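Spelled out from the first residue to the last, the chains are:
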Amino acid sequence: MKKASIKSEDYQKYYQQLILKKVGIPGQKKIFRAKVLIIGAGGLGCPLILYLAYSGIGNLGIADHDKIELSNLSRQVLFTKKDIGKYKVLVSKKFVERINKKINVKIFKERVNKKNIEKIAKDYQIICDGTDNFKSRFLINDYCMKNKKILISSAINKFDGQLFAFNFRKKTPCFRCFMPEAPSEELNCESDGIMTTLAGIAGSLQANEVIKSILNIKNHSNGNILIFNALDSNFRKVKLLKNPNCKNINLHG
Ligand SMILES: [Zn+2]
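Predicted, not measured: the structure shown is a model, and the values here were computed from it. Numbering of residues starts from 1 in each chain and follows the order in which that chain's sequence is written. At least 70 in pLDDT is required for a residue's local features to be given in this predicted model, at least 80 for side-chain atom pairs to be given and counted, and no such filter applies to totals for whole chains, interfaces and linings, which use all residues.

### With respect to unusual backbone geometry
Look at lysine 148: it is not a glycine, yet its phi comes out positive at around 50°. For helices the rule is a DSSP run of H or I covering at least 4 residues; for strands it is a run of E covering at least 2, with both sets numbered from the N terminus onward. Note on placement: lysine 148 falls in the loop between helix H7 (134–146) and strand S5 (150–157). A tally of 12 C-beta atoms within 10 Å means that lysine 148 is categorised as exposed. Not every positive phi belongs to a glycine, and lysine 158 is a case in point at roughly 50°. Note on placement: lysine 158 falls in the loop between S5 and strand S6 (160–167). Exposed residues have 12 or fewer other C-beta atoms within 10 Å of their own C-beta, buried residues have 20 or more, and residues in between are partly exposed; the C-beta atoms are placed from the backbone.

### Some words on the packing of helix H4 (residues 45–55) against helix H5 (residues 88–99)
Where H4 meets H5, the axes come as close as 9 Å, and the angle between the chain directions of the two elements is 25°. Classified by the interaxial angle, the pair formed by H4 and H5 is roughly parallel. In this structure, H4 crosses over H5, and the sense of that crossing is right-handed. On H5, the residues that touch Ile49, Ala53 and Tyr54 of H4 are Ser92, Val96 and Ile99. The nonpolar class holds Ala, Val, Leu, Ile, Met, Phe, Trp, Tyr, Cys and Pro. Asp, Glu, Lys and Arg form the charged class, and all remaining residues, Gly among them, are polar. Split by residue class, the contact of H4 with H5 holds 5 nonpolar, 1 polar and no charged. Lines fitted to C-alpha atoms define the axes, with helix axes restricted to the stretch in contact, and inter-axis angles between N-to-C directions lie between 0 and 180 degrees. Oblique is the label for any angle not under 35 degrees, not over 145, and not in the 65 to 115 range, which are roughly parallel, roughly antiparallel and roughly perpendicular in turn. By convention, the crossing between two helices is left-handed when the near helix turns anticlockwise from the far helix through less than a right angle, and right-handed when the turn is clockwise. A residue pair is marked as a contact if its C-beta atoms, positioned from the backbone, fall within 7 Å.

### Describing the packing of H4 against helix H10 (residues 196–215)
Orientation of H4 relative to H10, taken along the N-to-C sense of each, is 40°, at an axis distance of 7 Å. Compared by their axis directions, H4 and H10 come out oblique. Both H4 and H10 take part in a crossing whose hand is right-handed. Within the contact between the two elements, H4 uses Gly45, Cys46, Pro47, Leu48, Tyr51, Leu52 and Ser55 and H10 uses Ala199, Gly200, Gly203, Ser204, Gln206, Ala207, Val210 and Ile211. Residues belonging to the contact of H4 with H10 are distributed by class as follows: 9 nonpolar, 6 polar and no charged.

### Points about the nonpolar core
By size, the foremost hydrophobic cluster in this structure holds 58 residues, and its most contacted members are Val36, Ile38, Ile49, Ile127 and Cys128. Aside from chain neighbours lying at most four places away, what touches cysteine 128 is Val36, Leu37, Ile38, Ile39, Leu48, Ile152, Gln206 and Val210. Under the definition applied here, buried Ala, Val, Leu, Ile, Met, Phe, Trp, Tyr and Cys residues are grouped into a nonpolar core through C-beta atoms within 7 Å.

### So, the environment of aspartate 123
Here aspartate 123 lies in the loop between helix H6 (117–121) and strand S4 (126–129). Distance in space between the C-alpha atoms of aspartate 123 and valine 36 is 8.8 Å, their sequence separation being 87 residues.

### Quick look at the sheet that holds strand S1 (residues 35–39)
Strands are labelled as partners when DSSP assigns at least two bridges between them. Spatially, 8 strands are ordered S3-S2-S1-S4-S5-S6-S7-S8 in an open sheet, and the strand pairing comes out mixed. Of all strands in the sheet, those with a lone pairing partner are strand S3 (104–108) and strand S8 (234–239), marking the two edges. Across the sheet, the mean angle from the axis of one strand to that of its neighbour is 15°, orientation sign disregarded. For S6 and strand S7 (residues 224–229), the ladder comprises 5 bridges, and the chain directions are antiparallel. For glycine 161, the partnering residue across the bridge sits in S7 and is phenylalanine 228.

Structure, rendered in structure tokens:
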């Protein structure tokens, strides 16, 4: 493989990744140029940020309004006890900069809502949903759909995880096709519990999907849900169908 057009230090640093035929120097350069937004720097966002930063993603946006609490430290692997009380986005940014100063990190210290999502997400091609509530999930899904973004989303509860990948530049179902309305009693990790390692698995799977999308590797995950269980180590891929009752049916074409 020619060393051409990549810096010697980067060549050495990413050597194991770029000697892969499906990556190569052109692929690594795509990763350097990529713009990825992570919404939620929590249990999913932390491993996601970690692996995207180590992969060499050139531009990372991180949106989260929360401060670090003691109860976060069992899952949120970018933070330690001395970070308690600090904003997650600020500590995440510092972490990324320690890994790689070249990564352009933009932080948004706000809860993503209807009013600010366009401002936060417009510059990013790939959006990762690492939030923990249905309101945000629907908002992000609808925004990505309208603006033809790639959405990589994960949800975790107890021992179960789900991974969704939607490339809205192509024909694909959406999250609302799977779940038209929020369940009446919202399930969340505070009330139901969550296995520490499951957050790591789900966030890492999201990072993997991001890299595949950037490299344009034939994405068998598009429009599928990957359902996995941390106890029986079972992974099941389910093809999601367009739901005729989806609220976004006019956008599905
Ligand atoms: Zn839909």
